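Chain by chain, the residues:
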Amino acid sequence: MTLENDPSLKDERAATRLEELNEWLPVTSSRKANWWYSAFHNVTAMVGAGVLGLPYAMSQLGWGPGVTIIVLSWIITLYTLWQMVEMHEMVPGKRLDRYHELGQHVFGEKLGLWIVVPQQLMVQVGSDIVYMVTGGKCLKKFADTVWPNSPPIKTTYFIMIFGAVQLVLSNCPSMNSIAFVSLVAAVMSLSYSTIAWVTSLHKGVQPDVKYTLRASTTTGSVFNFLSALGEVAFAFAGHSVVLEIQATIPSTPENPSKKPMWKGVVVAYIIVALCYFPVSMIGFWVFGNSVDDNVLLSLEKPAWLVATANMFVVFHVIGSYQVFAQPVFDMIQAFLVLKMNFKPTGLLRFVARISYVVSDKYYPSSARPMIKVLSHFVVILQLPCIMWLIIYKPKRFSLSWFTNWVCLQQSDIFTVFRVLLCDTFPCNLINIIIPTKFQICIILGVLLMILAPIGALRGLILQAKDFQYYS
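Bear in mind that the values here come from a model prediction, so they are computed numbers and not experimental data. (Residues numbered from 1 in each chain as written. Predicted model: local features only at pLDDT ≥ 70, side-chain atom pairs only at ≥ 80, totals over all residues. Heavy atoms only, no water.)

Undergrad: Tell me what's going on with the layout of surface pockets, and back it up with residues and numbers.
TA: In this model, the second largest pocket occupies a volume close to 1,000 Å³. Taken together, 29 residues form the lining of the second largest pocket, with His100, Glu101, Gln104, Leu113 and Leu338 sitting closest to its centre. Among the secondary structure elements, those contributing two or more residues to the lining of the second largest pocket are α1 (7-24), α5 (99-107), α6 (109-146) and α12 (303-338). (1 Å grid on protein atoms, 1.4 Å probe; cavity = no way out; pocket = protein on both sides within 12 Å on 5 of 7 lines; lining within 4 Å. Points joined across faces, edges and corners; volume = space filled by probe spheres on them. Helix = DSSP H or I, 4+ residues; strand = E, 2+ residues; numbered from the N terminus.)

This is the structure in structure tokens:
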């Protein structure tokens with residue numbers, strides 16, 4: 001055997017190449033973050049412009065179901081977020097820095113990629129497109145409010161202005177390098193949420209306010225209910241970047257990264273509660289079922305305050321875009337180096353990132369509802385729970401078991417599904433993934449994944465006649 005063919009040398013070269021790649025990729029190039037980085041990154045990722053649509057979701061759900069669903073979503077997503085934080089370093093001496101790495105550890109190298117990556121990219125890319133459109137629209141609202149007599153300017157031009165800012169910020173090399181942008185975004189999210197509910201409260205309950213369901217027919221109410229479930233799910237869409245945020249925090253055996261990460265998550269979720277609960281409940285209480293899908297649009301006066309709130313939204317979605325884009329940059333850059341055999345250079349990073357931002361910027365603004373439909377397919381409740389069951393196998397009748405399992409009789413369709421899968425994958429794995437008793441979070445996730453897009457698609461069809469691409 002020649003020296004060049006020595007397996008140990010090949011393994012050493014591969015490890016060295018992987019280490020050099022990680023030092024170039026945005027998620028792992030810097031590990032200097034702390035718990036407050038975790039806090040404001042999670043706030044920026046979680047409290048998107050979707051919070052302003054929660055009063056509208058309440059008008060589709062009604063008081064009882066609306067409050068229940070929003071509160072339960074806060075509790076359940078906090079629990080599944082804790083699961084992911086715990087699983088980040090569940091392998092001794094190894095960090096699962098990316099969502100797909102966790103999926104590969106649980107499901108296998110190839111199957112893990114197919115299970116995780118499509119869902120993760122769907123929510124990250126979809127959110128970036130929504131934020132691009134939201135930023136442009138809020139810029140236009142700001143301009144129209146401050147200069148009401150100026151000639152009208154198309155929304156497309158404001159989206160291009162927002163995209164130009166992202167072209168500049170996308171050259172920041174790592175997650176930690178956008179820390180200040182993310183901090184500003186987190187402050188802005190709390191600010192415009194506070195403006196939304198305080199101004200609504202000051203405006204007072206509107207004359208002839210009604211709290212009946214927005215739809216006048218049973219069919220419409222059912223579809224609106226499903227659509228509202230998707231709106232709430234869209235507002236809790238930060239799970240897809242949790243492991244990547246934790247990867248920026250240093251870790252030692254004495255002080256693992258999960259400690260500062262979880263501290264930051266708790267702070268972030270307190271801020272989320274301060275944003276979500278007042279906005280959704282006060283906004284619905286003041287405007288009832290006539291509230292707009294963006295509660296700021298229902299606040300026409302004072303003009304200066306509405307303009308300020310819209311500019312706060314712009315600053316927030318600038319940071320949110322970057323928090324979701326950095327993991328996408330990470331995937332693109334890794335693919336170009338590992339699969340396309342490019343060298344990890346500054347030029348490659350520049351071209352890859354610019355190409356991504358440009359593709360987002362020129363996506364039709366009127367297609368935003370389609371993106372929200374796609375985002376509903378990302379099951380933030382399902383995957384963490386499935387992976388937790390496979391890895392930890394909680395003891396029967398323990399607290400974790402009671403939290404995650406619900407006693408249901410298996411149905412014939414799942415029996416058939418299990419038999420078919422056992423022909424392809426190890427039956428032990430299939431029996432864990434599809435047990436005779438289902439986990440409650442899995443059921444909720446599957447139902448949300450199937451039902452929420454139905455209502456959103458109906459809304460898309462009803463509004464299709466009014467769409468104007470690049471309007």
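Undergrad: Describe a nonpolar patch on the surface, and please don't skip the residues or the numbers.
TA: On the surface, Trp63, Leu201, Val205 and Trp285 cluster together to form a nonpolar patch covering roughly 350 Å² of accessible area. Within the element layout of this structure, Trp63 appears in helix α4 (residues 63-87). (Patch = residues over 30% accessible without salt bridge, like charges linked within 9 Å, V, L, I, M, F, W, Y side chains within 5 Å. Areas by Shrake-Rupley, 256 points an atom, 1.4 Å probe, with all protein chains shown as cover. Salt bridge = Lys/Arg side-chain N within 4 Å of Asp/Glu carboxyl O.)

Undergrad: Could you give an account of the pattern of salt bridges, with specific residues and numbers?
TA: Once the charged atoms of two side chains with opposite charge are near each other, the side chains can pair. Across all of its chains, the model carries seven salt bridges by this definition. Measuring nitrogen to oxygen at the nearest pair gives 2.9 Å for the salt bridge that ties Arg31 to Asp97. Of this pair, Arg31 sits in the loop between α1 and α2 (35-46) while Asp97 sits in the loop between α4 and α5; the two residues are 66 residues apart in sequence, bridging distant segments of the chain. We classify Arg31 as partly exposed; its relative accessible area is 30%. On the basis of relative accessibility, which here comes to 5%, the residue Asp97 falls in the buried class. A salt bridge links Lys140 to Asp144; the shortest N-O distance between them is 3.5 Å. Here Asp144 and Lys140 lie together in helix α6, a separation of four residues that amounts to about one turn. Since its relative accessible area comes to 36%, Asp144 is described here as partly exposed. (Buried < 20%, exposed > 50% of the residue type's maximum accessible area, 1.4 Å probe, protein only.)

Undergrad: Please give an account of the packing of α6 against α12 that cites residues and values.
TA: Two numbers describe how α6 lies on α12: the axes approach to 8 Å, and their chain directions differ by 155 degrees. The orientation of α6 with respect to α12, classified from their angle, is roughly antiparallel. Handedness of the α6/α12 crossing: left-handed. Class assignment for the residues of the contact of α6 with α12 results in 22 nonpolar, eight polar and two charged. (Axes fitted to C-alpha atoms, helices over the stretch in contact; angles between N-to-C directions. Parallel < 35°, antiparallel > 145°, perpendicular 65-115°, else oblique. Left-handed = near helix turned anticlockwise from the far one by under 90°. Nonpolar A, V, L, I, M, F, W, Y, C, P; charged D, E, K, R; others polar.)

Undergrad: With reference to specific residues and values, describe the nonpolar core.
TA: Judged by nonpolar contacts, the single largest core of 95 residues is most densely connected at Phe236 and Tyr276. Ranked by the residues each element gives to this core, the list is headed by α12, at 14 residues. In this structure, Trp24, Leu25, Leu336 and Ala352 belong to the second largest nonpolar core, which totals eight residues. (Core = buried A, V, L, I, M, F, W, Y, C linked by side-chain atoms within 4.5 Å.)

Undergrad: Run through the side chain of Thr28, naming residues and quoting values.
TA: Of note, Thr28 is situated in the loop between α1 and α2. A relative accessible area of 8% means that Thr28 is categorised as buried. Within the structure, Thr28 has its side chain in polar contact with the side chain of Arg98 (distance 3.1 Å). Apart from the residues within four sequence positions on either side, Thr28 is in contact with Asn22, Asp97 and Arg98. (Polar contact = N/O pair within 3.5 Å; in protein donor to acceptor, adjacent residues only side chain to side chain. Contact = heavy atoms within 4.5 Å.)

Undergrad: So, the confidence of the model for the chain: which residues are in play, and what are the values?
TA: Do not read the fine detail of predicted coordinates wherever pLDDT is low. Confidence in the prediction for the chain averages 78 pLDDT; 75% of positions are at 70 or higher. Note on residues 365-379: pLDDT under 50 across the span, and 47 contacts to partners over four residues away in sequence or across chains. Counting contacts from residues 406-442, a segment whose pLDDT is below 50, to residues more than four positions away or on other chains yields 58 contacts. (pLDDT = per-residue confidence, 0-100.)

Undergrad: Requested: an account of the packing of aromatic side chains, with residues and values cited.
TA: Taken as a whole, this structure holds 13 aromatic pairs when the rule is applied. On the basis of an interplanar angle of 80 degrees and a centroid distance of 5.8 Å, the ring pair of Trp35 and Trp36 is categorised as edge-to-face. With relative accessibility at 25%, the residue Trp35 sits in the partly exposed group. For Trp36, a relative accessible area of 42% translates into the label partly exposed. A connected cluster of aromatic rings, assembled from ring pairs, spans Trp35, Trp36, Tyr37 and Phe40. (Phe/Tyr/Trp six-rings, centres within 6.5 Å; stacked < 30°, edge-to-face > 60°.)

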